[in-house]
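Report on the structure
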Amino acid sequence: MAQPFAVPFATSRRGTIGIEWELALVDADSGDLRQCAATVLDELRPQGETEHPMIKQELLLNTVEIVTGVNETVAGAARDIERAVGELRTVTDPLRVELMCAGTHPFARWTDQKVTDKQRYNTLIDRTQWWGRQMLIFGVHVHVGIEDQRKVLPIMRALLTVFAHLQSLSASSPFWGGDTTGYASNRALMFQQLPTAGLPYQFADWGELEQYVGDLLHTGVIEEFNEVRWDIRPSPGLGTLEVRICDGTPSLLELRALAALIHCLVEHFSSELDAGRELPTMPPWFVTENKWRSARYGMDAIIILDRDGNEELVTDSVAAWLRTLEPVAERLGCLEDLDGVRTILRMGASYQRQRAAARRAGGSLRAVVDLLMREMRADRPL
């Protein structure tokens, strides 16, 4: 066994929030993906700078990522996103390129996509080969500041008990390469094929995490910590817990709702620790089963609630959590955003809306792309 590798956790203000939103670049005429990220980013890069402060490169040339600043509220992060989207459209609109987000593009072929020419991406593809080249997926990452390293792993373990809630609400990848998959979130099961991706280990303390990282570095599995691609992971350099569960989210309303739910859950669990109460945990085999159930059935998933194996329809459990979290949301200033989760419950998750659009159009997946582009423009589910 290798020596533990020190993983210092940066000082961070409690409850700060940042959002990363991966957006697809779509040809307005054909509905297919456009490989024009380099052109877009070059146009947006401020003079004398190597990159835009909020609009970043991603693995594939059909994708850009918006990365907000550090904010006190979901509303603050949303303002960052609105500014970045506005800037993007000044470049993409004249190119007849639309912005779109979902866990997967309904009909684009992974074989047609080009990888960004950057060392870390080339290394990833060289190592992962067929699975790496198939990563034609889009997601949302939410960072929440944790003020004490000792809280990070207990909160991460507790979030695994509500993993299925977040995955079901955000599920938006029912189609893959023109095929109907039968899954609400095909992205969830594809992404976990990469080395170090998928569900995190439930380490008891920070020393176990450092031992794990030391072993991976010693054996050449990773070269740096950010190559640990768990669905929930500490982000030591930022002093945050990074929640990476959610499929790509089609509209700003849904993005704000999911970010508010994550923000409130982290703060709720943090407050429980402050009060000296034990946080909930679940055996790894239940967490794994919940991930599969929510990926397969989405909002119709019967999920496992606790270590005793009690079960409930995920939407009923979400409704109960919303009532629990309302006082937390009031403190965090995101009560209206949290209420957006009820909009998702009422209108259906994106995978449900996508399937309905395809049915109305006699199976046309171009109609699904049109819906997703319109939802991005409207900032809300349609």
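Residues numbered from 1 in each chain as written. Predicted model: local features only at pLDDT ≥ 70, side-chain atom pairs only at ≥ 80, totals over all residues. Heavy atoms only, no water.

What follows deals with the environment of M135. Position of M135 relative to the elements: it lies in the loop between α3 (119–133) and β5 (140–145). Considering only alpha carbons, one finds M135 and F269, 134 residues apart in sequence, at a separation of 33 Å. Every residue in contact with M135, bar those within four places of it in the chain, is listed here: L59, L60, M190, F191 and L194. (Helix = DSSP H or I, 4+ residues; strand = E, 2+ residues; numbered from the N terminus. Contact = heavy atoms within 4.5 Å.)

Inspection of the entire model under this criterion finds 30 salt bridges. R89 is paired through a salt bridge with E98; the nearest N and O atoms lie 3.6 Å apart. Here R89 and E98 have matching classes, each one buried. For D148, the salt bridge goes to R150, with nearest N and O atoms at 2.8 Å. Sharing partners across several salt bridges, the network here consists of R14, E147, K151, E267, D274 and R331. (Salt bridge = Lys/Arg side-chain N within 4 Å of Asp/Glu carboxyl O. Buried < 20%, exposed > 50% of the residue type's maximum accessible area, 1.4 Å probe, protein only.)

Moving on, we get to the packing of aromatic side chains. To describe a pair of aromatic rings, one takes the distance between the centres and the angle between the planes. Across all of its chains, the model carries twelve aromatic pairs by this definition. Relative to W292, the ring of Y183 lies with its centre 6.3 Å away and its plane at 85 degrees, an arrangement referred to as edge-to-face. Here W292 lies in helix α9 (residues 284–297) and Y183 lies in the loop between β7 (179–180) and α6 (186–191), a separation of 109 residues in the sequence. Take W292: its relative accessible area is 34%, and that puts it in the partly exposed class. Judged by centre distance (6.0 Å) and plane angle (75 degrees), the ring pair of F269 and W321 falls under edge-to-face. With F269 in helix α8 (residues 252–274) and W321 in helix α10 (residues 314–332), this residue pair connects regions lying 52 residues apart in the sequence. (Phe/Tyr/Trp six-rings, centres within 6.5 Å; stacked < 30°, edge-to-face > 60°.)

This part covers the nonpolar core. In terms of nonpolar packing, the biggest core is built from 94 residues, with W21, L23, L88, L159, I232 and L338 touching the most fellow members. Among residues more than four places away in sequence, those in contact with L88 are L23, V40, L44, I55, V64, I66 and L99. (Core = buried A, V, L, I, M, F, W, Y, C linked by side-chain atoms within 4.5 Å.)

Another point: helix α1 (residues 37–44). Counting along an α-helix, one turn takes 3.6 residues, and residues three or four places apart therefore face a common direction. Considered for burial, the residues of α1 that qualify are A37, V40, L41 and L44. Angular distribution of buried residues about the axis of α1 spans 95 degrees; they occupy a single face of the element. Packed against the buried residues of α1 are β1 (17–27), β2 (55–56), β3 (63–67) and α2 (74–92). (Arc of directions from axis to C-beta.)

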